[in-house]
Amino acid sequence: MKKTIYLSICLLFTTTIFAQEDQQNSINSLELQIDEAFQEKMLKEMDALLDLWYIKKQMGSMNAGMLNDNNSGDCLIDSVVRSRLENLTTVIPLTYNYDIRNKIELYVCKRKRSSSIILGLSQYYYPWMREIFDKHGVPEELIYLTIVESALNPTAVSRAGATGIWQFMYRTGKTYQLEVNTFVDDRRDPFKATDAAARHLRDLYNIFNDWGLAISAYNCGAGGVRKAIARSGGKTDFWGVKPFLPRETQNYFPYYIAALYLVNYHHEHGIPFANLTIPFAVDTIMITKELHLQQVADVLEIDIEELKILNPQYKKMVIPAVKDSYPLRLKNADILRFIALEDSVYRHNHEGHFAAMKIHEELLVQTADVYIVRKGDTLGAIAARHRTTVRKLADYNNLRNTHSLSVGQRLRIPPR
């Protein structure tokens with residue numbers, strides 16, 4: 001009887017173990033399928049970004065025959081990759097595991113051509129990005145997040161509406177003083193967006209005191225990371241919190257490590273910098289009048305695509321400098337030519353670009369100050385206060401009677 005009970009217990013115990021193993025194998029298989037599906041999604045998005053950026057913007061050419069993608073999964077030697085990561089000098093907590101191996105494989109094996117284009121773009125963006133991050137006391141190597149975010153495409157827009165090289169959402173961009181309106185989207189301005197990204201990452205690190213979690217919070221928000229920390233039982237490092245983060249965010253930090261590896265060891269995998277045509281020697285001039293990029297292109301005989309590449313923040317190719325001044329980036333030699341021909345540039349086909357398109361009126365409406373009439377106000381006093389004339393103020397607001405104002409009435413102040 002005892003022997004029968006003992007055998008029954010052993011059988012039950014063995015059955016339970018096998019059932020748990022089957023369940024775990026099923027979970028591992030499901031996770032592998034999810035990871036592979038996510039990687040396939042990343043591959044398609046990466047290709048789409050670079051096809052748009054590379055073909056439409058005419059970013060140069062490269063010998064495709066030099067770069068043969070390897071999808072067999074045997075292009076990495078784990079011990080070598082692990083050693084390379086360990087030899088990097090960085091404050092970012094690096095590790096090497098199967099998850100990170102998959103991400104590195106994407107950049108240096110499966111998409112060599114795309115990685116070469118990214119590296120070519122980095123030669124234009126990364127030198128001055130490093131200076132901005134250094135100014136804010138943020139690790140310079142965090143600029144490689146742009147590879148994961150946008151493949152260095154400043155006009156990239158996600159399905160959720162995240163925009164620009166740093167993929168800022170509207171509200172976060174506003175928090176860091178990035179202007180977004182009909183004509184301008186500073187999220188697409190690589191310089192302003194990089195400054196905002198450095199400040200944002202610095203703020204996130206001050207919250208979590210861990211760069212892995214700060215980088216994760218850049219992807220899903222500080223609230224998402226706080227929830228994951230609470231579910232993890234209070235763990236304070238990325239790998240401890242990872243299982244409780246959203247699926248996309250679980251992959252985000254490992255993809256950053258892969259991007260870091262790519263930038264530092266691309267030559268070891270035969271991936272060169274693509275020879276791209278972005279002008280490297282550029283400077284900025286401030287524009288104080290409304291200006292269309294086509295006016296600049298026509299008078300200075302510059303390719304309009306080049307102007308759009310250097311000034312991607314102007315959504316309608318219009319610099320709306322009615323009230324405030326705005327930057328125009330040109331090649332160094334073109335800056336001097338613009339100064340010499342400035343009057344001709346502003347006059348060139350102005351009516352064609354502004355009046356016929358009714359852009360001028362839209363600019364005035366968006367950039368005008370608004371004054372709310374108070375008790376005792378007169379049109380003359382309001383005009384004097386805003387350094388304009390009664391006639392201009394009346395015409396601008398379609399006022400027939402210049403002597404009759406109502407308390408609370410809203411008057412648009414014409415730009416000076």
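Every value quoted in this text rests on a predicted model; they were computed, and no experiment measured them. (Residues numbered from 1 in each chain as written. Predicted model: local features only at pLDDT ≥ 70, side-chain atom pairs only at ≥ 80, totals over all residues. Heavy atoms only, no water.)

**Section: the overall build of the chain**
Step number 1: Across its full length, the chain carries 19 helices and six strands.
Step number 2: Here the chain holds 416 residues, and the buried ones make up 48% of them.
Step number 3: A fraction of 70% describes how many contacts in the chain between residues 6 or more apart in sequence connect residues 24 or more apart.
Step number 4: In the form shown here, the chain has an accessible surface area of approximately 21200 Å², with 52% of it arising from carbon and sulfur atoms. (Helix = DSSP H or I, 4+ residues; strand = E, 2+ residues; numbered from the N terminus. Buried < 20%, exposed > 50% of the residue type's maximum accessible area, 1.4 Å probe, protein only. Contact = heavy atoms within 4.5 Å. Areas by Shrake-Rupley, 256 points an atom, 1.4 Å probe, with all protein chains shown as cover.)

**With respect to the state of the cysteines**
Step number 1: Under the definition given, this model contains one disulfide.
Step number 2: In this model, Cys 75 is linked to Cys 109 through a disulfide, with the two sulfur atoms separated by 1.5 Å. Every disulfide takes its handedness from the sign of the S-S torsion; for Cys 75 and Cys 109 that torsion is 55 degrees, giving right-handed. Highlighted residues: Cys 75 in the loop between helix H1 (2-56) and helix H2 (78-86) and Cys 109 in helix H3 (residues 98-110), separated in sequence by 34 residues.
Step number 3: Residue classification places Cys 109 among the buried positions, given a relative accessible area of 1%. (Disulfide = S-S within 2.5 Å.)

**Considering unusual backbone geometry**
Step number 1: One non-glycine residue, Glu 301, adopts positive backbone phi at about 55 degrees.
Step number 2: Tracing the backbone through its elements, the reader meets Glu 301 in the loop between helix H12 (293-300) and helix H13 (304-310).
Step number 3: One non-glycine residue with positive phi stands out, namely Met 317, at about 60 degrees.

**A look at the pattern of salt bridges**
A side chain of one charge can pair with a side chain of the opposite charge when the charged atoms of the two come close.
Step number 1: Applying the stated criterion across every chain, the model contains 17 salt bridges.
Step number 2: Put simply, Arg 337 and Asp 334 hold a salt bridge, and the shortest N to O gap is 2.7 Å. Taken together, the positions of Arg 337 and Asp 334, both in helix H14 (residues 332-340) and three residues apart, correspond to about one turn of that helix.
Step number 3: Here Asp 334 falls in the buried class, since its relative accessible area comes to 7%. (Salt bridge = Lys/Arg side-chain N within 4 Å of Asp/Glu carboxyl O.)

**Quick notes on the nonpolar core**
Step number 1: By size, the foremost hydrophobic cluster in this structure holds 75 residues, and its most contacted members are Ile 104, Tyr 107, Val 108, Tyr 125, Leu 142, Trp 166 and Tyr 256.
Step number 2: Per element, the largest residue contribution to this core is 12 residues, and it comes from helix H11 (residues 247-265).
Step number 3: Core analysis: the next-biggest nonpolar cluster, separate from the first, contains 25 residues, Ile 285, Leu 300, Val 318 and Val 345 among them. (Core = buried A, V, L, I, M, F, W, Y, C linked by side-chain atoms within 4.5 Å.)

**Here's the deal with the packing of aromatic side chains**
Any aromatic ring pair is given by two values, namely how distant the centres are and how the planes are angled relative to each other.
Step number 1: One pass over the structure, following the stated rule, counts 14 aromatic pairs.
Step number 2: Ring plane angle 15 degrees and centroid distance 4.0 Å describe the contact between Trp 128 and Phe 191, whose orientation is recorded as stacked. Highlighted residues: Trp 128 in helix H4 (residues 112-135) and Phe 191 in helix H7 (residues 190-208), separated in sequence by 63 residues.
Step number 3: Every member of this aromatic cluster is reached through a ring pair, and the members are Tyr 124, Tyr 125, Trp 128 and Phe 191. (Phe/Tyr/Trp six-rings, centres within 6.5 Å; stacked < 30°, edge-to-face > 60°.)

**Regarding the pairing of strand S6 (residues 410-413)**
Step number 1: Alternating positions in S6 separate cleanly, Leu 411 and Ile 413 being buried on one face and Arg 410 and Arg 412 remaining unburied on the opposite face.
Step number 2: With four bridges joining them, strand S5 (residues 369-372) and S6 adopt antiparallel strand pairing. For Val 370, the partnering residue across the bridge sits in S6 and is Arg 412. (Pairing = 2+ DSSP bridges.)

**Remarks on the packing of helix H8 (residues 211-220) against helix H9 (residues 222-231)**
Step number 1: Close contact between H8 and H9 brings their axes to 7 Å; oriented N to C, the two are set at 125 degrees. By the angle class used here, H8 and H9 are oblique. Here Leu 213, Ser 216, Ala 217 and Cys 220 of H8 come into contact with H9, specifically with Ala 222, Gly 224, Val 225 and Ile 229.
Step number 2: When its residues are assigned to classes, the contact of H8 with H9 shows six nonpolar, two polar and no charged. (Axes fitted to C-alpha atoms, helices over the stretch in contact; angles between N-to-C directions. Parallel < 35°, antiparallel > 145°, perpendicular 65-115°, else oblique. Nonpolar A, V, L, I, M, F, W, Y, C, P; charged D, E, K, R; others polar.)

**Let's talk about the confidence of the model for the chain**
Where the model shows low pLDDT, its predicted coordinates should not be examined in detail.
Step number 1: Here the chain shows a mean pLDDT of 85. Residues at 70 or above account for 79%.
Step number 2: For the chain, H1 is the element with the lowest average pLDDT, namely 55, and H7 is the one with the highest, namely 98. (pLDDT = per-residue confidence, 0-100.)

**Re the packing of H2 against H11**
Step number 1: Look at H2 against H11: their axes get within 11 Å of each other, and the N-to-C directions meet at 90 degrees. In terms of axis orientation, H2 runs roughly perpendicular to H11. Along its contact with H2, which presents Val 81, Arg 84 and Leu 85, the element H11 presents Ile 257, Tyr 261 and Tyr 265.
Step number 2: Looking at the contact of H2 with H11 residue by residue, the class counts come to five nonpolar, no polar and one charged.

**Focus on H3**
Because each turn of an α-helix spans 3.6 residues, side chains separated by three or four positions in sequence point in the same direction.
Step number 1: The sharpest bend along H3 measures roughly 30 degrees and falls at Ile 104.
Step number 2: Where burial is concerned, most of H3 is hidden: 12 out of the 13 residues are buried.
Step number 3: For H3, every residue scored as buried is listed here: Asp 99, Ile 100, Arg 101, Asn 102, Lys 103, Ile 104, Glu 105, Leu 106, Tyr 107, Val 108, Cys 109 and Lys 110. (Bend = angle between axes of the 7 residues up to and from the residue.)

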